[in-house]
Amino acid sequence: MGVEGCTKCIKYLLFVFNFIFWLAGGIILGVALWLRHDSQTTNILYLQLGDKQAPNTFYVGIYILIAVGAVMMFVGFLGCYGAIQESQCLLGTFFTCLVILFACEVAAGIWGFVNKDQIAKDVKQFYDQAFQQALMAESETNNGKAVVKTFHETLDCCGPDTATGAVTPLWRDDLCPKKDAFLKNLFESSNCHKKIDELFSGKLYLIGIAAIVVAVIMIFEMILSMVLCCGIRNSSVY
């Protein structure tokens, strides 16, 4: 015997929330793949300075997002099917998966909040090392100049956030993006530390907003799935 009354409304409401959850999983998967193949981050994070690879902490987070998006799509489908079939077993499995996902999201959120500045800091340190080597004769043997020029061309910047970086456009114009005029080259060249902060902070805020929206949906789904499961159990008694 199927559920009736308010429980039936909850059944279809849960289906709608699960469909939204499934769509959210697809969006997160798509955004993660876009961030993974974004030209700016790819150009920078694939760089190698001698034997040292650019920091890959950002990509670790992206791979986690890809996995989360795929799991969300599977769990969303499971919830939709369980709600339509009025299966206590599927709804119980769905609830368990949601609890695990929610716990992982909270843990990832705490880790991300604690380390939100670390990604940009690591990339800036990598850039500073390359910049120092690009100013020295040894740069020919450890490709420091090529690494610095990639940063400058990708982010349209020149030099670190130091006094040396401020005058770099004047005496090392071979390292900086070409401008039409001398004064434009001097006054419109942003330092690369600022550009690196902007690059990663914007993407992290995007990830944070998506995580908050998904967390709210998951809370509603956990409540609705338990109410529906109890309604199915009670309806089978009569």
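Residues numbered from 1 in each chain as written. Predicted model: local features only at pLDDT ≥ 70, side-chain atom pairs only at ≥ 80, totals over all residues. Heavy atoms only, no water.

Let us look at the overall build of the protein chain. A count of helices and strands for the protein chain gives ten helices and two strands. Walking the protein chain from its N terminus toward its C terminus, one meets helices and strands in the order α-α-β-β-α-α-α-α-α-α-α-α. Long-range pairs, those at least 24 residues apart, make up 76% of the contacts in the protein chain with a sequence separation of at least 6. In the structure as shown, the protein chain presents an accessible area of about 12,800 Å², 67% of it carried by carbon and sulfur atoms. (Helix = DSSP H or I, 4+ residues; strand = E, 2+ residues; numbered from the N terminus. Contact = heavy atoms within 4.5 Å. Areas by Shrake-Rupley, 256 points an atom, 1.4 Å probe, with all protein chains shown as cover.)

At a closest axis distance of 10 Å, the pairing of helix H3 (residues 57–85) and helix H4 (residues 88–114) adopts a crossing angle of 160 degrees. As the angle between them shows, H3 and H4 are arranged roughly antiparallel. Where H3 crosses over H4, the two elements pack in a sense that is left-handed. Two secondary-structure elements touch here, H3 through Thr-57, Val-71, Met-72, Val-75, Leu-78, Gly-79, Tyr-81, Gly-82 and Ala-83 and H4 through Leu-90, Leu-91, Thr-93, Phe-94, Cys-97, Leu-98, Leu-101 and Trp-111. The class makeup of the residues in the contact of H3 with H4 is 13 nonpolar, four polar and no charged. (Axes fitted to C-alpha atoms, helices over the stretch in contact; angles between N-to-C directions. Parallel < 35°, antiparallel > 145°, perpendicular 65-115°, else oblique. Left-handed = near helix turned anticlockwise from the far one by under 90°. Nonpolar A, V, L, I, M, F, W, Y, C, P; charged D, E, K, R; others polar.)

Take the side chain of Thr-154 next. Checked against the element boundaries, Thr-154 lands in helix H7 (residues 144–155). Accessibility expressed as a relative area gives 17% for Thr-154, which makes it buried. A polar atom in the side chain of Thr-154 sits 2.7 Å from the backbone oxygen of Thr-150. Excluding residues that lie within four positions of it along the chain, Thr-154 makes contacts with Gln-40, Asn-43 and Ile-44. (Buried < 20%, exposed > 50% of the residue type's maximum accessible area, 1.4 Å probe, protein only. Polar contact = N/O pair within 3.5 Å; in protein donor to acceptor, adjacent residues only side chain to side chain.)

Bringing the environment of Val-227 into the picture now. In this fold, Val-227 is placed in helix H10 (residues 192–237). Since its relative accessible area comes to 38%, Val-227 is described here as partly exposed. Separated by 213 residues in the primary sequence, Val-227 and Leu-14 place their C-alpha atoms 9.9 Å from one another.

A complete count under the given rule lists one disulfide for this structure. Sulfur-sulfur distance for the disulfide between Cys-157 and Cys-192 comes to 2.0 Å. An S-S torsion of about 95 degrees defines the bridge between Cys-157 and Cys-192 as right-handed. One end of the pair, Cys-157, is in the loop between H7 and helix H8 (163–171); the other, Cys-192, is in helix H10, with 35 residues separating them in the sequence. One exposure class covers both Cys-157 and Cys-192, and it is buried. (Disulfide = S-S within 2.5 Å.)

Once that is clear, we can look at the nonpolar core. Among the nonpolar cores identified, the biggest contains 47 residues, and Phe-21, Phe-151, Ile-196 and Phe-200 are the most heavily contacted of them. Broken down by secondary-structure element, the contributors of at least two residues to this core are helix H1 (6–37), helix H2 (39–45), H3, H4, helix H5 (118–134), H7 and H10. Broken down by element, the residue count for this core peaks at eleven residues, all from H10. What Phe-21 contacts, discounting residues up to four positions off in sequence, is Met-72, Val-75, Gly-76, Leu-98, Leu-101, Val-214, Ile-217, Met-218 and Glu-221. (Core = buried A, V, L, I, M, F, W, Y, C linked by side-chain atoms within 4.5 Å.)

Taken together, Tyr-12, Phe-15, Val-16, Phe-19, Ile-20, Trp-22, Leu-23, Phe-77, Tyr-81 and Ile-84 make up a surface patch of nonpolar side chains, about 920 Å² in accessible area. Sorting the residues of the nonpolar patch by element identifies H1 and H3 as the ones contributing at least two each. When residues in the nonpolar patch are grouped by element, the largest group, seven residues, is from H1. With respect to the secondary-structure elements, Leu-23 resides in helix H1. (Patch = residues over 30% accessible without salt bridge, like charges linked within 9 Å, V, L, I, M, F, W, Y side chains within 5 Å. Salt bridge = Lys/Arg side-chain N within 4 Å of Asp/Glu carboxyl O.)

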